[in-house]
Amino acid sequence: MIGCVRDFFTYETTKSVVVKSSTIGIFNRVVQLLIIAYFVGWVFLHEKAYQVRDTSIESTVITKVKGLGLHNNRIMDVADYVTPPQGASMFCIITKLINTEEQIQSSCAESEVKKARCANNSDCREGRHRGGGIMTGRCVDFDNSSKTCEIQGWCPAEIDSIKIDPMMEVQNFTIFIKNSIRFPLFNFTKGTLLPSISKDKIKTCFFNMSDIYCPIFRVADILRFANQDFDSIANEGGVIGIKINWVCDLDRSAEECNPAFSFTRLDAVSQNNNVSTGYNFRFAKYYKSENGTDYRTLIKAFAIRFDIIVSGTARKFSVIPTLINVVAAFTTVGVGTVLCDIILLNFLKGGDKYKAVKFEEVSEITDSLSNSNELYQGSSTQLSVQQLGKLSEDSGAYSNGQQG
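The residue numbers shown here count from 1 along each chain, following its written sequence. Predicted model: local features are reported for residues with pLDDT of at least 70 only, side-chain atom pairs are reported and counted for 80 or more only, and whole-chain, interface and lining totals are derived from all residues. The side-chain numbers reported here are obtained from all heavy atoms of the structure, hydrogens and water having been left aside.

Peer 1: I tried to follow the packing of helix H2 (residues 22-46) against helix H8 (residues 319-333) on my own but got confused; where do I start?
Peer 2: The packing of two helices is summarised by the inter-axis angle and the distance between the axes. Interaxial distance between H2 and H8 falls to 9 Å at its minimum, and their mutual angle equals 160°. One element, H2, and the other, H8, form an angle in the roughly antiparallel class. When the axes of H2 and H8 are compared, the crossing they make is right-handed. Contacts from Gln32, Ile35, Ile36, Phe39, Val43 and Phe44 in H2 reach Asn325, Val326, Ala328, Ala329, Thr332 and Val333 in H8. Class assignment for the residues of the contact of H2 with H8 results in nine nonpolar, three polar and no charged. Fitted lines through C-alpha atoms serve as axes, helices being fitted only where they are in contact, and the angles separating the N-to-C directions of these axes extend from 0 to 180 degrees. Segments assigned H or I by DSSP are reported as helices when at least four residues long, segments assigned E as strands when at least two residues long, and all are numbered from the N terminus. These descriptions rest on fixed angle ranges, namely under 35 degrees for roughly parallel, over 145 for roughly antiparallel, 65 to 115 for roughly perpendicular, and the rest for oblique. Two helices cross in a left-handed way if the nearer one is turned anticlockwise from the farther one by less than a right angle. They cross in a right-handed way if the turn is clockwise. It only takes one pair of heavy atoms within 4.5 Å for two residues to be counted as in contact. Note on residue categories: nonpolar means Ala, Val, Leu, Ile, Met, Phe, Trp, Tyr, Cys or Pro, charged means Asp, Glu, Lys or Arg, and polar means any other residue, Gly included.

Peer 1: How should the confidence of the model for the chain be read in this particular structure?
Peer 2: Interpretation of this model should avoid reading the predicted coordinates in detail wherever pLDDT is low. Mean pLDDT for the chain: 83, with 88% of residues reaching 70 or above. In predicted models, pLDDT denotes the confidence assigned by the predictor to each residue on a 0 to 100 scale. Every residue in residues 366-399 scores below 50 in pLDDT, and together they form 42 contacts with partners more than four places removed in sequence or on other chains.

Peer 1: How do you make sense of the layout of surface pockets when you look at a structure like this?
Peer 2: Take a probe with the size of a water molecule and roll it over the atoms, and the empty space left behind shows itself. A cavity here means a set of 1 Å grid points, computed over protein atoms only, where a 1.4 Å probe fits but cannot escape. A pocket is an open set with protein on both sides within 12 Å along at least 5 of 7 lines, and lining residues have an atom within 4 Å of a point. Grid points are joined across faces, edges and corners, and a volume is the space filled by probe spheres set on the points. The volume enclosed by the second largest pocket comes to roughly 610 Å³. Every residue lining the second largest pocket is counted, 30 residues in all, and those nearest its centre are Ile159, Asp160, Ser161, Arg282 and Lys300. When contributions to the lining of the second largest pocket are tallied by element, the ones reaching two or more residues are strand E7 (90-109), helix H4 (113-116), strand E10 (147-155) and strand E17 (294-317). Here the element with the most residues in the lining of the second largest pocket is E17; it accounts for four residues.

Peer 1: Sorry, what's going on with the packing of aromatic side chains here?
Peer 2: By convention here, two paired aromatic rings are described through the distance between centres and the angle between planes. Between 30 and 60 degrees the pair is tilted, below 30 it is stacked and above 60 it is edge-to-face, where a pair is any two Phe, Tyr or Trp rings, Trp via its six-membered ring, whose centres lie within 6.5 Å. Per the stated rule, a full pass over the model turns up 15 aromatic pairs. With centroids separated by 5.9 Å and ring planes inclined at 50°, the aromatic side chains of phenylalanine 217 and phenylalanine 261 adopt a geometry described as tilted. With phenylalanine 217 in strand E13 (residues 216-218) and phenylalanine 261 in strand E15 (residues 259-265), the pair connects residues that are 44 residues apart, well separated along the chain. Exposure classes here rest on a 1.4 Å probe applied to the protein chains alone. A residue is buried below 20% of its type maximum, exposed above 50%, and partly exposed in between. By relative accessible area, which is 2% here, phenylalanine 217 ends up buried.

Peer 1: In this structure, what is going on with the nonpolar core? I would like to understand it.
Peer 2: One broad rule of soluble globular proteins: the nonpolar side chains tend to lie buried together. Here, the term nonpolar core denotes a set of buried Ala, Val, Leu, Ile, Met, Phe, Trp, Tyr and Cys residues that are joined through side-chain atoms within 4.5 Å. With 49 residues, the main nonpolar core has Tyr81, Ile93, Ile175 and Phe306 as its most contacted residues. Within the residue set of this core, elements represented by two or more residues are strand E3 (58-66), E7, strand E11 (174-183), helix H6 (219-225), helix H7 (230-236), strand E14 (238-249), E15 and E17. The biggest single contributor to this core is E17, with seven residues.

Peer 1: Is there a simple way to explain H8 in this structure?
Peer 2: Owing to its 3.6 residues per turn, the α-helix brings residues three or four apart onto one side. For H8, which comprises 15 residues, the first-to-last C-alpha distance of 21 Å matches the rise-based estimate of 21 Å (1.5 Å per residue) to within 8%. Taken together, the buried positions of H8 are occupied by Pro321, Thr322, Asn325, Ala329 and Val333. Viewed end-on, H8 has its buried residues packed into an arc of 105°, placing them on one side of the element. Residues of H8 that are exposed and point more than 90 degrees away from the buried face comprise Ile320, Leu323, Ile324, Val327, Phe330 and Thr331. Structurally, H8 contributes buried residues whose contacts are with H2, strand E2 (51-54), E17 and helix H9 (335-346). The length a helix should cover is 1.5 Å for every residue beyond the first. By arc we mean the arc of the directions from the helix axis to the C-beta atoms, nothing more.

Peer 1: What exactly am I supposed to notice about unusual backbone geometry here?
Peer 2: Working note: non-glycine residues mostly have negative phi, and peptide bonds are mostly trans. Look at the link from threonine 83 to proline 84: it is a cis peptide, with omega at -15°. Geometrically, the link from cysteine 155 to proline 156 is a cis peptide bond, its omega value of 0° lying close to zero. Looking at the element boundaries, proline 156 is found in the loop between E10 and E11. Backbone geometry places asparagine 187, a non-glycine residue, at a positive phi of 55°. Along the chain, asparagine 187 turns up in the loop between E11 and strand E12 (188-191). Look at asparagine 227: it is not a glycine, yet its phi comes out positive at around 60°. As for its placement among the helices and strands, asparagine 227 is situated in the loop between H6 and H7.

Peer 1: Just checking my understanding: could you explain the pattern of salt bridges for this structure?
Peer 2: Between side chains of opposite charge, pairing is possible as soon as their charged atoms come close. Put simply, a salt bridge is a Lys or Arg side-chain nitrogen that is within 4 Å of an Asp or Glu carboxyl oxygen. Counted under the stated rule, the structure contains 14 salt bridges. Aspartate 221 is paired through a salt bridge with arginine 218; the nearest N and O atoms lie 3.1 Å apart. Residue class for arginine 218 comes out partly exposed when judged on its relative accessible area of 22%. As a salt-bridge pair, arginine 252 and glutamate 256 come within 3.7 Å of each other at their nearest N and O atoms. Accessibility expressed as a relative area gives 47% for glutamate 256, which makes it partly exposed.

Take a look at the structure:
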C-alpha cells in the first residue's frame, strides 16, 4: 500500500535525447511532412477550417403557376388544377381527374366487383367497413352479370377504374419560383430574383443551367432535368423535388454566392411496385339541392407534386477556429516523436541503450544528522540521482549516437 501511494505521488518531466540515426531521422521528417500536408491541404484549403460556418439557413419560397389546359372537353385554369392554392414550397398540378357526380347519403351496391362480389347475404358481414361505406349485410345486384355487397354511405359508389387521358398541356405550364434566404449569423441575405432583373426578361426567359437567375420554369424542362417521362408521370402522378442549395464563401464578394439547382424524382420507390404507384388524392365539392338535400361530386385527382427543398451553408473567416486548428496542427506534429520512440524502444537494435539514456529516476531522500554542528536547524534534503545514461556537457541533453 505504501509503495502504491509513493508511486502515485510522482512527477514526470520531459527530457531531450538526441538520437543520431539517419533511419529514424528520415522517418520522423516524413511523418511530420505528412501531418503538415494534411492540415494545410485538407483542413485549411479543402475544409476551410479557418472559417466559422452557419448552417441555420432561413428561407422562404413563393410559387405561381400559369397555363391553360383542356381536360374532358373542359378548359382548365390555375384555380382548377393547382392545389393547395397558397403558392407555397409544396404544390400539386393536377393532370387527370375521375369524377363521381351527384353522390347522396343512401344505400347502394359496392363498385369494387372483384373485392366485394357475393352470392348471398351470408357473404356480406353487417357493420364491416368496405370501400366507400359500411356494409348493410345484404347482397344486391351491381349489374346484370354480378352481385356485390350493399354499403351505406355516399352513393353511387365511386368507380375509379375508368380510363381517362391526362391533360397534355401541363408540360407547357410555367412555374414562377422566388426563393429568398438569410444566414442569421452573418446577417447575409440574397434571393433567386435579382434586383437587376427586368420585367421583359421574366416574360421571355426560361430557366436553364446557364441562366439560373431566370425564375420561370417549364414543367417539361423540370421533368427533363429529373430524367422523367411526361406521359408516364401524367397518367400515374408522381413527386418531383426541386433542390436549391446555397453554399456561400462570405470572404468573397456577394456576387459569388449563387444557388445550385438539382431535380429528382422523390417517390422513385413507388415506381418499382404494383401496390401503390404514382401520386393521387381525393377531394369533394359539396352542394345543396332545392329540397335541402346535400350532395357532392367526388374527385380522384392524379397530380405531379412539386416539393421545393432549400438548404445552404455560409462560411466566413474567424480568429477562434483558426487558432484552434493551428494549435491542433502543431500538437499533432508531435505524433512523429511518439512513433519514433515506439520504433526505437521495441523494434531497433540498441533499444536497451536508448532506454537507459531516455529514462532517469530522481528520488527524494531526507537524512537527519543530529550529531553534526554544520547542519541547519531542522531537517535537510538532498537529491540522490540514479543516472542510467551519460549527461552531456553543454545543454543538459543526452546524446545517443547510433549508426543509421
